[in-house]
Amino acid sequence: MTIYFVAGEVSADNHGAALMRSLRVLDPELKFIGRGGPQMQQVAGAQFKNWIGDAAVLGLWEVLRNYGYFREQFRQTLNEIQESKPDAVVLIDYPGFNLRLARALRRQSQRHKTIYYISPQVWAWNRGRIKRMAHFIDLMLCIFPFETDLYAASGLRAVFVGHPMIERLETQKIDTHRDQNLIGLFPGSRSREVRKIFPVMIEAARRLLQLNPTLRFQVAAASEELAREMSEQLADRQAIEITVGQTATIMQRAFVGMVASGSATLEAAYFGMPFVLIYKVAWPTYVAARLVVNVDFLGMPNLLAGKEVVPEFIQHEAKPDAIVKAVRLLMEDSPARDRMISDFDAITSNLGGTGASERAAQAILEELQTGVPSTTR
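Counting from 1, residues in each chain are numbered in the order their sequence is written. The model is predicted, so local features are restricted to residues of pLDDT at least 70 and side-chain atom pairs to those at 80 or more, both for listing and for counting; the totals for chains, interfaces and linings are taken over all residues. Note that water and hydrogens are dropped before the side-chain values are worked out from all heavy atoms of the structure.

Side note on the overall build of the protein
Step number 1: Across its full length, the protein holds 19 helices and 13 strands.
Step number 2: We take the radius of gyration over the C-alpha atoms and set the globule estimate at 2.2 Å times the residue count to the 0.38 power. Whereas a compact globule of 377 residues would reach a radius of gyration of roughly 21 Å, the protein reaches 21 Å, a difference of no more than 12%.
Step number 3: Principal axes of the C-alpha set define a box for the protein whose edges measure 65 × 40 × 40 Å.
Step number 4: Throughout, exposure labels follow a simple rule: accessible area from a 1.4 Å probe, protein chains only, divided by the maximum for the residue type, with under 20% read as buried, over 50% as exposed, and the rest as partly exposed. Within the span of the protein, comprising 377 residues, buried residues form 51% of the whole.
Step number 5: Within the protein, contacts between residues separated by at least 24 positions form 68% of all contacts whose residues are at least 6 apart in sequence.
Step number 6: Methods summary: accessible areas were calculated by the Shrake-Rupley approach with a probe of 1.4 Å, and residue burial reflects only the protein chains presented. Of the roughly 17,100 Å² of accessible surface on the protein, a fraction of 50% belongs to carbon and sulfur atoms.
Step number 7: For the purpose of counting charges, residues Lys and Arg are taken to be positive, whereas Asp and Glu are taken to be negative. His and the chain ends are not included. Working definition for charges: the position is that of NZ of Lys, CZ of Arg, CG of Asp or CD of Glu. In the protein, which carries 43 positive and 40 negative side-chain charges, the distance between the mean positions of the two groups comes to 6 Å. In this description a helix means any DSSP run of H or I spanning at least four residues, a strand means any run of E spanning at least two, and both kinds are numbered starting from the N terminus. The contact criterion used throughout is that any non-hydrogen atoms of two residues lie within 4.5 Å.

Some thoughts on the side chain of H15
Step number 1: By secondary structure assignment, the location of H15 is in helix α1 (residues 10-26).
Step number 2: For H15, a relative accessible area of 10% translates into the label buried.
Step number 3: Apart from the residues within four sequence positions on either side, H15 is in contact with Y117, I118, P164 and M165.

Regarding the packing of aromatic side chains
Step number 1: Between the rings of Phe, Tyr and Trp (Trp by its six-membered ring), a pair exists once the centres lie within 6.5 Å; its type follows the angle of the planes, with under 30 degrees stacked, over 60 edge-to-face, and the other angles tilted. Inspection of every chain in the model, using the stated rule, returns eight aromatic pairs.
Step number 2: Centroid distance F144 to F146: 6.2 Å. Interplanar angle 10 degrees. Geometry classified as stacked.
Step number 3: Accessibility expressed as a relative area gives 2% for F144, which makes it buried.
Step number 4: Under the relative-accessibility criterion, F146 is labelled partly exposed at 31%.
Step number 5: Each member of the aromatic cluster is reached from another via a ring pair, and the members are W51, F74, Y94 and F97.
Step number 6: Seen from the ring of F136, R103 lies directly overhead, with NZ or CZ sitting 5.9 Å from the centre.
Step number 7: Of note, R337 hangs over the ring of F255, and the distance from its end group to the ring centre comes to 3.6 Å. Any Lys NZ or Arg CZ found within 6 Å of a ring centre and within 35 degrees of that ring's normal is scored as a charge over the ring.

Regarding the environment of L329
Step number 1: For L329, the position within the fold is in helix α17 (residues 320-332).
Step number 2: Classification of L329 as partly exposed rests on a relative accessible area of 44%.
Step number 3: Between the alpha carbons of L329 and N181 there is a distance of 14 Å; along the sequence they are 148 residues apart.

So, unusual backbone geometry
Step number 1: Located in the positive-phi region is Y94, a residue other than glycine, with phi close to 50 degrees.
Step number 2: If you trace the backbone, Y94 turns up in the loop between β4 (88-92) and α6 (95-107).
Step number 3: Under the relative-accessibility criterion, Y94 is labelled buried at 8%.
Step number 4: Backbone geometry places I118, a non-glycine residue, at a positive phi of 65 degrees.
Step number 5: Among the secondary structure elements, I118 is positioned in the loop between β5 (113-117) and α7 (122-125).

As for the nonpolar core
Step number 1: Judged by nonpolar contacts, the single largest core of 99 residues is most densely connected at I3, F5, L23, Y117 and M258.
Step number 2: Element by element, the count of residues in this core is highest for helix α11 (residues 191-211), at 10 residues.
Step number 3: Think of a nonpolar core as a cluster: buried Ala, Val, Leu, Ile, Met, Phe, Trp, Tyr and Cys residues, connected wherever their side-chain atoms sit within 4.5 Å. In this structure, V6, L91, A104 and L156 belong to the second largest nonpolar core, which totals 27 residues.

As for the sheet that holds strand β9 (residues 216-221)
Step number 1: At least two DSSP bridges between two strands are required for those strands to pair. Reading across from one edge, β10-β9-β8-β11-β12-β13 is the order of the six strands in this open sheet, with parallel pairing throughout. Looking at the sheet topology across the chains shown, the edges are occupied by β10 (240-244) and β13 (312-314). In this sheet, neighbouring strand axes are inclined to one another by 20 degrees on average, regardless of whether the strands run parallel or antiparallel.
Step number 2: Here five bridges tie β9 to β10, and the two strands are oriented parallel to one another. The residue of β10 that forms the bridge with A220 is T243. For helices, the fitted axis covers only the stretch in contact; all axes are lines through C-alpha atoms, and the angles between them, taken along N-to-C directions, range from 0 to 180 degrees.

Points about the sheet that holds β5
Each strand in a sheet pairs with another by means of backbone hydrogen bonds, the pair being arranged parallel or else antiparallel.
Step number 1: The parallel open sheet is built from seven strands, whose spatial order is β3-β2-β1-β4-β5-β6-β7. Taken across any chain shown, the strands that pair with only one partner, and hence form the sheet edges, are β3 (49-50) and β7 (158-160).
Step number 2: Across the sheet, α1 touches β1 (2-7), β2 (31-36), β4 and β5, and the angle it forms with β1 is around 165 degrees.
Step number 3: Across the sheet, helix α19 (residues 356-368) touches β1, β4, β5 and β6 (139-142), and the angle it forms with β5 is around 165 degrees.

Looking at the pairing of strand β11 (residues 254-260)
Step number 1: Most of β11 sits inside the fold, with seven of its seven residues counted as buried.
Step number 2: Strand direction decides the pairing type here: strand β8 (residues 179-186) and β11, joined by five bridges, are parallel. Counterpart to G184 in the pairing with β11 is G257.
Step number 3: For β11 and strand β12 (residues 275-279), the ladder comprises four bridges, and the chain directions are parallel. Bridge pairing in β12 links G257 to F275.
Step number 4: Once the chain exits β11 it traverses helix α14 (residues 263-271) before rejoining the sheet at β12, and the crossover so formed is right-handed. Whether a crossover is right-handed comes down to one check: with the strands pointing away from the viewer, does the path from the first strand over the helix to the second run clockwise; if it does, it is right-handed.

Okay, here's the thing in structure tokens:
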């Protein structure tokens, strides 16, 4: 059997590669084709396209600026699927591209199964879309427990498999102690995020140092390229150390953190690092998002808890003085720290534990064994 994958971001490449390996354990004869990143390509082979470097853009303006590129990639993907005639198409996150692709594939009356892994967060910005999704997706694999009921209520078959992040983070645990003078900075994994968010973190760090000169700061850079960009922004390199590939280590050693909104917020919660959330984007992107997003919180720990566990400093509210005040509270107020860590434990305990990739692989193979797509039966 042949499975065509589509992943368009670094995190999706990680999850996709883990899923591929789990599928191979269950069925060594499976053939993998499609497009994703270097990790998926390593599992699938040279015929698998690595397009992550160009595909992983953030924000409305960035997408519009690269519209011609995405339109051509969309056309090529449709053609590749039509020519290869896979038994299933597995779409991993990346909703702006993948939801349109799923709809276009069903209009072509493709006879393959369309399976979505890392369910798109349409519950945050357009719940009415869920019912329409049931017409062109056969199976939704959910990573948060509350999602299955939302999809099932609209007639879309959904299975909770757990969050694949957990199995990766489990292997990154180390035996260490928290350094009371160490603050971790996590400005994001994309260049545009770093350019907006890192200067705010730098200024907050500078003001914290004025109040306590014994403090040290470690920055987790997602790549050597981002590390160079951040280094250019630093006037004083003595108190702020930039590291690459050390996110999990810093999250386990830092006493407090400043974290850009995204998957890193759940990682910080998993490792029990108290933190504040910071997020800034281009103003057109922010305004467009405000018009469609319908949730009370931005951070996933807060969304899962249904309350503000982590202080959020978003866009114009991301001011150094306010951030400094929140960080100092977490450093100096033991009850506030303990409450946040206790909430983190409750949140992460509901994410399914390890084995998400194995459960997702099993669900995919079971779906393939049912025959023709459910939406065409």
